[in-house]
Amino acid sequence: MNPYTYINVYTVAWFKKSQLYSDLNLLLQPFSLAGFMQNALSYVVRITPFYSERANMKHRVYAAILCAIFGSCASLSAGTISADGKVQDFREIIQTAKKKVFPAVVFITSISERYEGGKKEKSMSAGSGVIISETGEAVTNWHVVDKTVALRILLLDGEVGEAEVIGSDKDTDLALIKIKVEGREKFPFAELGDSSKLTEGQFVMAMGAPWGLSRSVSLGILSCTTRFLPNGQYNLWLQTDASINPGNSGGPLINTSGDVIGINTLGTFYGGDMAFSIPSNVVKRTVSALRKDGKVERAWTGIRVQPLKDFERNTFYKADTGVLVASVDNGSPAEMAGVKVRDLILTVNGAEIKGVNREDLPEINQFLAELAVEKPVEMKVKRGEEQLTLTMTPRKKGKVEGDDFDCRDWNVTVKAINEFHNPTLFFYRKKGVFVQGVKYPGNATNSGIRRGDIILSVDGKDVDNLDELEKIYTEMVKDENRDKKTTMVLLRNGLKHYLVLDYATKFEQD
Amino acid sequence: MKRIFEIYVFTLALVLLAFAPQSLLAQDAAVADAPAKAVDEKQDVAKVKADDDEDDEEEEMLNGDEVVSMLKKHFVRVKIWVKKDDGEMPMVYNFASDLGNEKPTFIGGYLWDEKTVVMEDFVLHDRFIRSIEVEAGGKSVPAKIKGYLKDTQAVLLELNESLPGVEPIKFCEAPEREDIGSLRGVKYFYQQDGNWCTNVSGAVAGFSKIEGKKSYLWGAPGDLLIMPDGQIAGLSFSGKISSEGDDYIWEGADLRKDGILTLAEKVEKHAEIKARLAKAALLVKIDFRAVVEEENQNNGFHQSWNMDRQGINGNDMSEIMLTGFLIGESRLLVPTSLNREMIARIEAISVSVPGADGKAEVLSANFSGALNDWEAILIDVEGRKLEGFLDFANGAEFAPDRMFLKSNVNYWLKERKERLSYDRFVGYFRGYKDMPAIWTHTNEDDGSLAFSLDGKLLAISLAQRTKTNNDYNAYAPQPNSAFRPVALVSGELAKDDAVDLTMKPLAKEKEKLSITLGVESQNLDLNLARVFNVEKDTRGGAIGRLVLYVYPGSPAAKAGLEEKDILLRIKDPDRTEPIDIGSGYGMYGRNSFMSRFDDYDDFGGDDYYGPMQAPWPSRQNAITAILSGIGENKKINLEFIRNGEKKSVSITTQKGRPDFSSAKKFKSKELGFTVKELTYEVRRFFKREDEGGVVVSKVEPGSKAMVGGMLPYNLVTHMNGKPVTDFNKFKAAVEALQPGSGTSVEFTLEYMGKTRLVKIEM
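Residues numbered from 1 in each chain as written. Chains lettered and ligands numbered in written order. Predicted model: local features only at pLDDT ≥ 70, side-chain atom pairs only at ≥ 80, totals over all residues. Heavy atoms only, no water.

**Let's talk about the overall build of chain A**
Thought 1: A count of helices and strands for chain A gives 13 helices and 29 strands.
Thought 2: A total of 510 residues make up chain A; the buried ones form 51% of that total.
Thought 3: For chain A, restricting intrachain contacts to residue pairs at least 6 apart in sequence, the fraction spanning at least 24 positions comes to 59%.
Thought 4: Accessible area for chain A stands at about 24,600 Å²; split by element, carbon and sulfur atoms hold 52% of it. (Helix = DSSP H or I, 4+ residues; strand = E, 2+ residues; numbered from the N terminus. Buried < 20%, exposed > 50% of the residue type's maximum accessible area, 1.4 Å probe, protein only. Contact = heavy atoms within 4.5 Å. Areas by Shrake-Rupley, 256 points an atom, 1.4 Å probe, with all protein chains shown as cover.)

Written out as structure tokens, the structure reads:
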């Protein structure tokens with residue numbers, strides 16, 4: 001410790017015991033004491049009027065002296081004391097870390113095709129990414145590059161380039177893209193750190209382009225390193241209070257060593273400075289899969305698990321190991337293996353499963369997803385008092401979202417029903433096509449078609465998948481001679497509905 | 001307007017008769033010549049100037065000018081100023097429009113004696129009359145009503161002073177019967193263009209013989225009947241002269257005193273009626289149970305079955321005040337248009353009778369029945385015999401032109417309002433179900449009682465019951481309300497099937513049980529009608545409903561209905577015409593906007609908590625509305641089209657099974673959830689035809705169930721690992737749970753195939 005720090009520490013301790021300290025603390029509630037120390041003089045100016053009401057001259061003098069001492073000491077000794085005993089200037093730490101990663105941060109704008117409004121429309125969105133390899137591989141979020149047709153990137157030094165998607169994974173909301181800049185072979189890149197070594201309270205920085213303002217950095221701490229969110233089936237989240245806004249998606253979260261320890265993904269509008277990032281270990285394993293296959297292959301068992309101790313739901317089961325089966329999907333490998341709801345899964349393939357809290361669930365899901373597809377595994381379950389051994393053969397999870405198609409003349413966009421994306425529709429019809437969006441004003445709206453309707457048949461022909469519908473549609477609009485009307489049978493809330501779609505009107509007046 | 005109409009009719013008659021063979025009229029040889037003569041002469045319209053010299057062999061007949069100059073001295077001009085009475089407008093004659101134009105109504109009158117004028121009765125109650133003036137010879141004097149002629153449509157006015165230049169009418173000897181045909185009618189009246197005019201016309205234009213009744217001669221509505229030589233033979237204000245009996249002409253010469261009802265007497269008689277009605281027309285207050293809110297119903301407002309009825313139906317009224325007429329010692333007849341649904345919700349009926357000390361006494365009454373054919377209900381007062389009932393069995397008969405008194409008692413404004421008036425009988429007409437109704441001079445439906453001048457009940461105003469509706473048009477015309485003769489009403493009340501036994505107050509649980517076929521259906525439109533080749537049969541999709549789903553075990557299933565059948569019309573055994581199943585109601589029957597269920601996936605299921613609209617269609621649609629009007633246990637014929645072929649099937653209507661809103665429900669206060677038995681549409685929606693379970697309909701915020709993650713529309717499939725089979729067993733099991741006992745209960749909840757376990761500590 002240098003002398004200045006010494007003075008700082010001890011005077012702080014003494015100061016904390018004084019009446020002055022407690023009064024000041026009360027007055028300065030919103031401000032942390034560290035902040036006070038950093039801006040001592042300005043605070044002196046500010047607090048003196050408040051203080052003068054209650055204090056006497058003595059206190060005021062003490063305040064001024066203390067502030068002067070603290071101020072000078074603070075300016076000379078500010079910073080954390082690192083774990084190895086070496087004291088670093090906190091500002092230097094920040095700068096070093098930033099300098100290490102900043103050049104690897106890219107600003108991404110994506111032109112993507114949206115099907116929601118009943119029409120295939122291109123829209124532009126922006127996000128961030130971080131280059132992780134010298135050759136120009138960058139990591140970003142899946143939702144930044146979802147359905148993209150053109151990606152343009154901007155580097156820190158102002159270089160502009162294009163990118164293409166190597167692979168993306170919706171379940172973890174990650175994507176791997178390859179940047180191409182003319183005349184550039186090598187790119188600055190950042191290292192992915194070890195997110196398992198993180199603890200709450202560590203300083204982190206978020207980089208990216210909030211609200212499209214590229215090349216921005218914000219500072220915060222890790223608020224939680226094992227956050228469970230319902231939309232994270234296969235991973236836990238890092239929660240931070242670094243300022244993260246729309247546009248930061250896909251950008252890196254770095255620690256003070258300059259390692260990327262997370263990819264910023266979710267923010268909150270009402271939570272103040274509360275945002276969530278995907279831990280770097282998850283990024284690592286996802287990226288290696290994306291690099292290899294362009295997607296993440298997962299196994300699907302059809303089991304939905306529930307923790308033994310759920311504080312939120314006030315549901316507590318007596319057991320210290322195993323995980324509860326909450327739900328078994330119809331026709332799934334688990335159902336065929338004989339797994340039933342309320343079973344307690346103890347081991348799978350010899351590995352012990354422990355799902356005591358909610359935070360344990362993503363790991364279990366990940367484990368189940370990593371099982372080899374089409375290879376039977378042994379499960380030990382406890383049903384009531386019995387112990388059973390079941391054999392289950394997981395299958396491929398497959399797509400998690402159906403494809404889209406724009407029936408332009410009908411003013412409606414359709415999508416294939418997907419088990420994971422549309423569970424309610426899947427309940428009624430396992431294979432089929434549903435209406436994703438209707439344009440207003442439009443032919444479909446006028447005829448009474450609504451979002452969420454499942455299309456059972458068009459023109460008397462059954463529609464079982466998107467290809468069939470595409471074929472029917474294309475042939476229909478090509479035929480100039482036919483009456484521009486077609487009979488459709490829809491399934492709406494489980495009940496059939498017949499209507500005639502009249503698509504004679506042209507709503508696109510180009 | 002009446003004048004012009006009469007003139008028109010007369011002209012038409014004249015023109016027709018001019019070309020009609022005379023043999024048609026020659027029933028009575030005595031009048032065979034005279035009408036021909038009269039017709040011969042009168043070719044022109046309205047103002048006739050008969051200057052013929054052809055009838056030399058006849059008596060000397062004066063021409064029009066001569067007649068007018070001779071009779072002018074009897075004419076007076078009556079000026080009537082009317083006013084509104086208590087917000088009511090005088091609706092007869094021209095009075096309403098003259099009142100609006102702020103001018104008096106002019107009617108011609110004739111001097112009867114020095115201070116009395118006789119004129120046609122305009123049938124307006126004196127409460128609407130502000131002032132009357134009579135003018136003649138340049139002088140105008142005030143006048144007031146002296147009396148009314150009981151059997152002739154005439155009224156006497158009393159002048160304050162005598163008028164110059166006019167003389168009272170003098171009658172000559174009555175003509176012989178065979179000379180009646182030569183009579184002419186004279187009428188003095190005011191034209192709307194501001195001129196006073198005298199019409200002289202043939203008094204007898206025709207003869208009518210009504211089978212089994214008196215015959216009469218008819219002609220121009222001349223007020224004065226004159227002989228060819230211009231002498232006044234009699235008065236006739238309605239254009240009819242009796243042709244049989246002695247009193248075929250009312251001369252007035254031997255004016256019978258009891259032929260006039262003076263104003264004072266009228267007032268007295270009205271007072272008598274009022275006193276009688278104080279005991280016989282009583283305040284009936286009906287309290288209704290609050291409308292059972294359809295839980296989670298998407299539209300948010302309560303739909304009534306009869307959407308096209310204005311008035312009290314369809315309103316969520318909690319009480320109404322009506323007038324009930326005492327027709328027996330404890331029985332009241334209450335004319336009202338309450339429909340089946342409102343009657344089902346009747347909770348209490350009370351009747352206010354005048355007490356001995358002048359204060360009203362409130363008695364409770366029971367619902368006895370709703371009349372099958374009439375918009376009225378019968379109620380019986382408990383434990384008391386009341387006096388002064390209206391005797392429908394011993395009523396009086398009407399006679400043409402006869403004056404009668406009307407009294408209307410209503411409680412629309414929550415206090416007793418009596419409106420007294422009078423009217424004159426014109427005739428009977430055959431209306432509803434070919435039953436006689438009364439056609440009065442004013443033709444006003446006062447919704448009231450008619451009494452003869454000697455105090456006997458003549459008629460009561462009743463409306464026919466609208467059974468079923470297929471035009472869901474809020475502005476459809478009201479069913480006919482008209483005076484029904486006493487004999488008819490007492491006959492109706494005595495019928496065995498007078499009362500519709502299926503319309504009665506129901507317990508809350510049973511209230512919502514409607515009569516259904518057991519199908520889910522949708523509207524057609526023009527395009528769909530063409531696709532199914534039923535454009536003509538459904539009138540371009542205006543009627544007819546397409547069957548989408550037939551519930552197993554329902555009347556429709558038993559009748560063999562299938563998906564894609566198009567239901568066209570229902571034949572009610574009680575009606576002659578089948579009722580078309582309209583399409584109009586359909587739009588309220590389906591969710592008209594997005595149900596929350598579509599967004600359920602986006603919310604991730606678990607995170608959404610709050611009221612959700614039911615995703616299944618409401619059971620109220622065009623078909624159930626019609627069936628509800630028809631009633632239970634009726635054999636109806638349903639016409640439908642299948643694959644282009646017309647078919648029909650016979651179905652016996654029965655009460656529908658409970659649906660979600662009327663299902664048995666059970667609320668666990670401890671746990672904070674409400675569950676309902678799975679009803680047919682819920683089973684269809686969740687694809688649980690035969691399996692057990694109960695559906696959660698409500699979860700209390702902050703309750704144990706809410707914390708445990710129960711949401712509305714979750715199915716509870718298992719309790720403590722055992723399947724839920726029966727609603728009652730589930731209810732018993734939950735009730736048996738002891739709070740604070742340290743035990744826990746586990747529910748398996750399912751939503752759309754996904755399950756979750758909820759464990760609650762008691």
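Moving on, there is more to tell.
**A closer look at the overall build of chain B**
Thought 1: From N to C terminus, chain B includes 16 helices and 40 strands.
Thought 2: Here chain B holds 762 residues, and 54% of them are scored as buried.
Thought 3: For chain B, contacts bridging at least 24 residues in sequence account for 66% of all contacts bridging at least 6.
Thought 4: On chain B, roughly 33,900 Å² of surface is accessible, and the fraction owed to carbon and sulfur atoms is 50%.

**Topic: the confidence of the model for chain B**
Residues and elements named next belong to chain B.
Thought 1: Of all residues in chain B, 79% attain a pLDDT of 70 or more, and the chain-wide mean is 78.
Thought 2: With pLDDT under 50 throughout, residues 21-58 is counted as low confidence; its partners more than four residues away or in other chains account for 34 contacts.
Thought 3: Across residues 295-314, where pLDDT falls below 50, the model places 73 contacts with residues more than four positions away in sequence or in other chains.
Thought 4: Predicted complex, confidence summary: ipTM 0.74, pTM 0.67. (pLDDT = per-residue confidence, 0-100.)

**A short note on the interface of chain A and chain B**
Thought 1: Contacts between the two partners involve 36 residues from chain A and, on the opposite side, 44 residues from chain B.
Thought 2: Carbon and sulfur atoms make up 49% of the surface buried where chain A meets chain B, a total of about 3,600 Å² over both sides.
Thought 3: Scanning the region where chain A abuts chain B turns up three salt bridges.
Thought 4: When the shortest N-O distance is used, the salt bridge between A:Lys496 and B:Glu563 registers 2.9 Å.
Thought 5: Summed over the shared surface of chain A and chain B, the number is 16 residue pairs in polar contact (both at pLDDT 80 or more).
Thought 6: Of all the secondary structure elements, the ones that give two or more residues to the side of chain A that touches chain B are strand S14 (303-306), strand S16 (315-316), strand S17 (323-328), helix H11 (423-428), strand S28 (485-492) and strand S29 (495-502) of chain A. (Buried area = accessible area lost by both parts, 1.4 Å probe. Salt bridge = Lys/Arg side-chain N within 4 Å of Asp/Glu carboxyl O. Polar contact = N/O pair within 3.5 Å; in protein donor to acceptor, adjacent residues only side chain to side chain.)

**Observations regarding the sheet that holds strand S8 (residues 216-227) of chain A**
One key point about sheets: their strands pair by backbone hydrogen bonds, in either a parallel or an antiparallel sense.
Residue and element names in this part refer to chain A.
Thought 1: The six strands lie next to each other as S7-S8-S9-S12-S11-S10, forming a closed barrel whose pairing is antiparallel. Sheet twist, expressed as the mean angle between neighbouring strand axes with direction ignored, is 45°.
Thought 2: Here S8 pairs with strand S9 (residues 237-240) via three bridges, running antiparallel. Considered in S9, the bridge of Arg227 is made with Trp237.
Thought 3: Contacting strand S11 (260-267) and strand S12 (275-279), helix H8 (residues 280-293) crosses the sheet at an angle of about 50° to S12. (Pairing = 2+ DSSP bridges. Axes fitted to C-alpha atoms, helices over the stretch in contact; angles between N-to-C directions.)

**Considering a nonpolar patch on the surface**
All names here are of chain A.
Thought 1: Taken together, the side chains of Trp211, Leu213, Phe269 and Tyr270 define a hydrophobic patch exposed on the protein surface, amounting to about 660 Å² of accessible area.
Thought 2: Along the chain, the position of Trp211 falls in the loop between strand S7 (203-208) and S8.
Thought 3: Under the relative-accessibility criterion, Trp211 is labelled exposed at 59%. (Patch = residues over 30% accessible without salt bridge, like charges linked within 9 Å, V, L, I, M, F, W, Y side chains within 5 Å.)

**Observations concerning unusual backbone geometry**
Thought 1: Cis geometry marks the peptide bond from A:Tyr440 to A:Pro441, where omega comes out at -10°.
Thought 2: Its identity is not glycine, yet B:Glu102 carries a phi of approximately 55°, on the positive side.
Thought 3: The topology assignment puts B:Glu102 in the loop between helix H4 (95-100) and strand S2 (105-113).
Thought 4: The class for B:Glu102 is exposed, based on a relative accessible area of 68%.
Thought 5: In the Ramachandran plot, B:Asn533 falls in the positive-phi region, its phi being about 60° despite a non-glycine side chain.
Thought 6: In this fold, B:Asn533 is placed in the loop between helix H9 (526-531) and strand S29 (545-550).

**What to know about the environment of A:Asp259**
Residues and elements named next belong to chain A.
Thought 1: With respect to the secondary-structure elements, Asp259 resides in the loop between strand S10 (252-255) and S11.
Thought 2: With relative accessibility at 22%, the residue Asp259 sits in the partly exposed group.
Thought 3: Note: C-alpha distance between Asp259 and Gly193 (66 residues apart in sequence) is 4.9 Å.

**Structural notes on helix H5 (residues 263-280) of chain B**
All names here are of chain B.
Thought 1: Taking 1.5 Å as the rise per residue, H5 with 18 residues should run 26 Å; its terminal C-alpha atoms sit 25 Å apart, in good agreement.
Thought 2: Among all positions of H5, only Lys266, His270, Ile273, Leu277 and Ala280 are buried. Summarising the axial view, the buried residues of H5 lie within an arc of 80°, below the 170-degree limit, and thus occupy one face. Turned more than 90 degrees away from the buried face of H5, the exposed residues are Ala264 and Glu268. (Expected span 1.5 Å × (residues − 1). Arc of directions from axis to C-beta.)

**Quick word on the nonpolar core**
Thought 1: Of all hydrophobic cores here, the largest spans 61 residues; its most connected members are B:Val76, B:Val78, B:Ile80, B:Phe122, B:Val134, B:Leu277 and B:Leu390.
Thought 2: Excluding its chain neighbours within four sequence positions, the residues that come into contact with B:Leu390 are B:Arg276, B:Leu277, B:Ala280, B:Phe325, B:Leu326, B:Ile327, B:Leu449, B:Phe451 and B:Leu457. (Core = buried A, V, L, I, M, F, W, Y, C linked by side-chain atoms within 4.5 Å.)

**Quick notes on the environment of A:His421**
All names here are of chain A.
Thought 1: In this structure, His421 sits in the loop between strand S24 (412-416) and H11.
Thought 2: Given the relative accessible area of 28%, His421 is considered partly exposed.
Thought 3: Between the C-alpha atoms of His421 and Val400, which are 21 residues apart in sequence, the distance is 6.0 Å.
Thought 4: A polar contact is formed between the side chain of His421 and the side chain of Lys170, at a distance of 3.5 Å.

**Focus: the sheet that holds strand S8 (residues 196-202) of chain B**
Residues and elements named next belong to chain B.
Thought 1: Overall, antiparallel pairing links the four strands, which are arranged S8-S7-S11-S12 in an open sheet. The sheet is open, and its two borders are formed by S8 and strand S12 (232-235), each paired with just one other strand. When the angles between neighbouring strand axes are averaged without regard to direction, this sheet yields 30°.
Thought 2: Relative to S8, strand S7 (residues 184-190) runs antiparallel, the two sharing seven bridges. Counterpart to Phe189 in the pairing with S8 is Cys197.
Thought 3: Its contacts with the sheet place helix H3 (residues 64-71) against S7, S8, strand S11 (224-226) and S12, and it is angled at close to 120° to S8.

**Notes on the packing of aromatic side chains**
Thought 1: Enumeration according to the criterion identifies 26 aromatic pairs over all chains in this entry.
Thought 2: Between A:Phe427 and A:Tyr428 the ring centres are 5.3 Å apart and the planes differ by 70°, which places this aromatic pair in the edge-to-face class. A single burial state applies to A:Phe427 and to A:Tyr428, both of which are buried.
Thought 3: An aromatic cluster of at least three residues, connected via ring pairs, comprises B:Phe75, B:Phe106, B:Tyr110, B:Tyr188, B:Tyr190 and B:Trp196.
Thought 4: One Lys or Arg, A:Arg298, reaches over the ring of A:Tyr234 and ends 4.4 Å from the middle of that ring.
Thought 5: Over the ring of A:Tyr317 we find B:Lys759, and its NZ or CZ is 4.5 Å from the ring centre. (Phe/Tyr/Trp six-rings, centres within 6.5 Å; stacked < 30°, edge-to-face > 60°. Lys NZ or Arg CZ within 6 Å of the ring centre and 35° of its normal.)

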